[in-house]
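Structural features, examined
One letter stands for each residue in the lines below.
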There are 2 protein chains.
Amino acid sequence: MNSAGIDVVGIGNAIVDVIAHAEEPFLAAEGLAKGTMTLIDAERAELLYQKMGSAIESSGGSAGNTMAGIASLGGSGGYIGKVRDDLLGEVFRHDITAIGVRFETPAATAGPGTARCLITVTPDGQRTMATYLGACVELGPEDIDKPLIAAARVTYLEGYLFDPPRAQQAFRGAAAAAHRAGRQVALSLSDPFCVGRHRAAFRELVAGDVDILFANEAEICSLYETDNFEAAAAAVRGHVAVAALTRSEKGSLVIAQGDAHVVPARPVPHVVDTTGAGDLYAAGFLYGLTRGLPFATCGALGSLCAAEIIGHMGARPEMSLSGLAKAAGLI
Amino acid sequence: MNSAGIDVVGIGNAIVDVIAHAEEPFLAAEGLAKGTMTLIDAERAELLYQKMGSAIESSGGSAGNTMAGIASLGGSGGYIGKVRDDLLGEVFRHDITAIGVRFETPAATAGPGTARCLITVTPDGQRTMATYLGACVELGPEDIDKPLIAAARVTYLEGYLFDPPRAQQAFRGAAAAAHRAGRQVALSLSDPFCVGRHRAAFRELVAGDVDILFANEAEICSLYETDNFEAAAAAVRGHVAVAALTRSEKGSLVIAQGDAHVVPARPVPHVVDTTGAGDLYAAGFLYGLTRGLPFATCGALGSLCAAEIIGHMGARPEMSLSGLAKAAGLI
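Computed from a predicted structure; not experimentally measured.

For the rest of this paragraph, the subject is the overall build of chain A. Looking only at helices and strands, one finds 13 helices and 14 strands in chain A. By the compact-globule yardstick of 20 Å for 331 residues, chain A fits well, its C-alpha radius of gyration being 18 Å. Expressed along its principal axes, the backbone C-alpha trace of chain A runs to roughly 50 × 40 × 40 Å. In chain A, which comprises 331 residues, the proportion classed as buried is 56%. Within chain A, residue pairs in contact and separated by at least 24 positions form 76% of the contacts whose partners lie at least 6 positions apart.

Right, here's the structure in full:
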């Protein structure tokens, strides 16, 4: 594969998810805030894993999930992220390349193992995450493949990248390279606590470097320190060309070119596991955007992809999203 | 946990499943017979994995799945099987102990890695398996925990154990120990090709050492070299005290104490992945049997557990089988 005509390159923490069911008291006992992501160290990861129930393992990582979604829609993509040369690293590389995403970032040959996210799914389908970053802390500016960035219509960055120490440099370098090539930069805010940890840096980025912003209600409210969604939505106008604000079962609000589009959620018979819902919304939206589809259609594609992912365990598509989108008359 | 009052101890190949979706032509291209299990070596496993799509990893192994099912029903169980001291071995041990099954077989500290089963799920929900036995070849008579066997009401053996070289000795030793303690021995025939590889040994065992036999149509027909299910069912009468013969959507036929009970299958809205259907039928049946429930109820519990497992990816229960069985009025 060469770099000509790549739709999206995603940059993120390369993570394998370990997913188990539990009742709500488990979260309280472990001090985990439902619906959010907590960073944990290797020792805590080991202890928490011992307490978790029988699990399945599935490749994850926010931007990795988004790239898998774009590929499943028929889009072309690349991924930049850091695994270790261990079994979980091989699993991550297998899964993302098997779906057709170019992933050439060299694996770390020393240091901590491939990252793991311990995910607890409660009976309401909500997911609560505890992430051991492992090899992700090795990602740095030297891993940014600038010809790949220049060839991609959109460079997509996950906000979680602000957690590992050197990734923020990589992040800023990638955004600058994209803009130098006349390309667009998209950012997902990832998590309200992540926004809280890095609020000043995110505000500066959103105002200066981001063309397309993805955020859910809690994240956009955290960014602008308000508990009022309308106020947060008003604050983001003018800062970015396109803002796609997701609201779970209330659908999404797409603010672009002075207009606001209200996009309904797609009904799901049974919500099994919400892991990856935001990542897959971004996949559908960016796929539509890179094909020049109307913003409302981009949002509807986002809703469609999110609906597929929350109907089963794990954050990678199980059905062809391209097939689903064609059946729904969206592409 | 001590050994007093254990319901079932399972002995089998300790395997982690790697599960991906594919269309039927993939099976033909890879020379895999749909719905069956093929043994592969490490090199072939590596090549096949590279060709498979994005996958999830889930603990498996036929008897391991059955024990997880019995534990989910509220029964007490033990497991004997061989993993390596590697990451997949840790995953296997975590998952089976997390659900409450006693698993104390020491991991191999040298030799091949923990076994993997590469499972292809076709759009009809059927699973086709390619197994790399890895560390399972290390299982031998020295791994049979005889006090555990003596304490268990039933010792459950998977037919797949006839494939690794030394496991057959372990298998026979376990059956003899169970009978010396006045306990019952159950056997699952596992796979029609597995029966074909070891037909004479299986016939001798069934006639001489097995009290409870599990087989599907293809397996019981292979055992008695007939293509007529009624003929095979007639042949097994008298050889074992109890035979539970499963027939997919046609339910099962339970032959016991001179009677034959026809048990319907439980309807499933959407068959996602049939991996583990037979294993979970055995779990429900043995749970009922160890509680002295009528044979028809044992079969109904088998149908209930099989229905749960085929509604999602992977061969370990995602919902509490005890809760489902209570809701269905079976326990």
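Another point: the pairing of strand β9 (residues 152-158) of chain B. Residue and element names in this part refer to chain B. Across the 7 residues that make up β9, a large majority, 6, are buried. The pairing of strand β1 (residues 6-11) with β9 spans 5 bridges and is parallel. If you follow Ile11 over to β9, its bridge partner there is Leu157. The pairing of β9 with strand β10 (residues 184-188) spans 5 bridges and is parallel. Across the sheet, Glu158 pairs through a bridge with Ser188, a residue of β10.

The subject of this paragraph is the relation of the copies chain A and chain B. Once chain A is rotated about the relating axis by 180° and shifted along it by 0.0 Å, it coincides with chain B to within an RMSD of 0.0 Å. The superposition of one copy onto the other is thereby described by a two-fold rotation axis. Every residue of chain A has its C-alpha some distance from the rotation axis, and the shortest such distance is that of Glu57(A), at 2.4 Å.

Turning our attention to the interface of chain A and chain B. Facing the 21 residues of chain A at the interface are 21 residues of chain B. Ranked by residue count, the leading element in the side of chain A that touches chain B is helix α4 (residues 87-98) of chain A, at 5 residues. Looking at the side of chain A that touches chain B residue by residue, the class counts come to 10 nonpolar, 7 polar and 4 charged.

Each pair of packed helices gets described by two things: the angle between the helix axes and the distance between those axes. Residues and elements named next belong to chain A. Helix α12 (residues 295-309) packs onto helix α11 (residues 277-290) with a crossing angle of 145° between their chain directions and a minimal axis gap of 7 Å. Considering the relative orientation of α11 and α12, their crossing is right-handed. On α12, the residues that touch Ala277, Leu280, Tyr281, Ala282, Ala283, Gly284, Phe285, Tyr287, Gly288 and Leu289 of α11 are Thr297, Cys298, Gly299, Leu301, Gly302, Ser303, Leu304, Cys305, Ala306, Glu308 and Ile309. For the contact of α11 with α12, the residue count by class is 14 nonpolar, 6 polar and 1 charged.

Now for the sheet that holds strand β3 (residues 37-39) of chain B. One open sheet accounts for 10 strands, arranged β3(A)-β8(A)-β7(A)-β2(A)-β4(A)-β4(B)-β2(B)-β7(B)-β8(B)-β3(B); its pairing is mixed. Only two strands of the sheet have a single partner each, and these edge strands are β3 (37-39) of chain A together with β3 of chain B. The average undirected angle you get between the axes of adjacent strands in this sheet is 25°. Of the pairings in the sheet, the one linking strand β2 (residues 15-21) of chain B to strand β7 (residues 115-121) of chain B comprises 7 bridges and is parallel in character. Within β7(B), the position partnered with Val16(B) by the bridge is Arg116(B). Where helix α2 (residues 42-51) of chain A meets the sheet, it contacts β2 (15-21), β7 (115-121) and β8 (127-132) of chain A, and its direction lies at approximately 40° from that of β7(A).

In spatial order, the strands read β6-β5-β1-β9-β10-β11-β12-β13-β14 (chain A); together these 9 strands make up an open sheet with mixed pairing. Sheet topology places β6 (102-103) and β14 (259-263) of chain A at the edges, where each strand pairs with a single neighbour.

Now for the nonpolar core. Counting 222 residues, the largest nonpolar core has Leu157(A), Leu286(A), Leu157(B) and Leu286(B) as the members making the most contacts within it. Residue contacts for Leu286(B): discarding those within four places in its chain leaves Val8(B), Ile70(B), Val154(B), Tyr156(B) and Ala186(B).

Summing up the model confidence of chain A, the mean pLDDT is 96 and the portion of residues at 70 or higher is 99%. Reported for the predicted complex are a pTM of 0.95 and an ipTM of 0.93.

Residues and elements named next belong to chain A. Over its 14 residues, α11 runs 20 Å from end to end, which matches the ideal 20 Å to within 8%, given 1.5 Å per residue. Within α11, 14 of the 14 residues are buried, which leaves the element mostly enclosed by the surrounding structure. After α11 finishes, the residue Gly292 shows a positive phi value of roughly 70°.

This brings us to the environment of Leu161(B). Residue and element names in this part refer to chain B. Looking at the secondary structure, you find Leu161 in the loop between β9 and α6 (167-180). The exposure class assigned to Leu161 is buried, which follows from the 25 C-beta atoms found within 10 Å. In this structure, the C-alpha to C-alpha distance between Leu161 and Val268, residues 107 residues apart in sequence, is 31 Å.

Below, the discussion takes up α6(B). Residue and element names in this part refer to chain B. Its 14 residues place the ends of α6 20 Å apart at the C-alpha level, agreeing with the 20 Å of an ideal helix rising 1.5 Å per residue. The complete set of buried residues in α6 reads Ala167, Ala170, Phe171, Ala174, Ala175 and Ala178. Summarising the axial view, the buried residues of α6 lie within an arc of 135°, below the 170-degree limit, and thus occupy one face. Tucked inside the fold, the buried residues of α6 contact β1, α5 (146-151), β9 and β10. Just downstream of α6 lies Gly182, where phi reads positive at about 75°.

All names here are of chain B. As for its placement among the helices and strands, Lys250 is situated in the loop between β12 (242-246) and β13 (252-256). Residue class for Lys250 comes out partly exposed when judged on the 13 C-beta atoms lying within 10 Å of it. Between the alpha carbons of Lys250 and Gly81 there is a distance of 32 Å; along the sequence they are 169 residues apart.

Residues and elements named next belong to chain A. By secondary structure assignment, the location of Ala232 is in helix α10 (residues 229-236). In the structure, Ala232 is positioned 11 residues away from Cys221 in sequence and 5.5 Å away in space, judged by C-alpha atoms. Sequence-distant contacts of Ala232, that is, excluding residues within four places in its chain, are made with Ile220, Cys221, Tyr224 and Thr226.

Its identity is not glycine, yet Ser248(A) carries a phi of approximately 50°, on the positive side. Secondary-structure assignment places Ser248(A) in the loop between β12 (242-246) and β13 (252-256). Residue Ser248(A) is classed as partly exposed on the basis of its 17 C-beta neighbours within 10 Å. In the Ramachandran plot, Glu225(B) falls in the positive-phi region, its phi being about 50° despite a non-glycine side chain. With respect to the helices and strands, the residue Glu225(B) is situated in the loop between α9 (217-223) and α10 (229-236).

About the criteria used
- Residues numbered from 1 in each chain as written.
- Chains lettered and ligands numbered in written order.
- Predicted model: local features only at pLDDT ≥ 70, side-chain atom pairs only at ≥ 80, totals over all residues.
- Helix = DSSP H or I, 4+ residues; strand = E, 2+ residues; numbered from the N terminus.
- Rg over C-alpha atoms; globule rule 2.2 N^0.38 Å.
- Buried ≥ 20, exposed ≤ 12 C-beta atoms within 10 Å, placed from the backbone.
- Contact = placed C-beta atoms within 7 Å.
- Pairing = 2+ DSSP bridges.
- Least-squares fit on C-alpha atoms with pLDDT ≥ 70 in both.
- Nonpolar A, V, L, I, M, F, W, Y, C, P; charged D, E, K, R; others polar.
- Axes fitted to C-alpha atoms, helices over the stretch in contact; angles between N-to-C directions.
- Left-handed = near helix turned anticlockwise from the far one by under 90°.
- Core = buried A, V, L, I, M, F, W, Y, C linked by C-beta atoms within 7 Å.
- pLDDT = per-residue confidence, 0-100.
- Expected span 1.5 Å × (residues − 1).
- Arc of directions from axis to C-beta.

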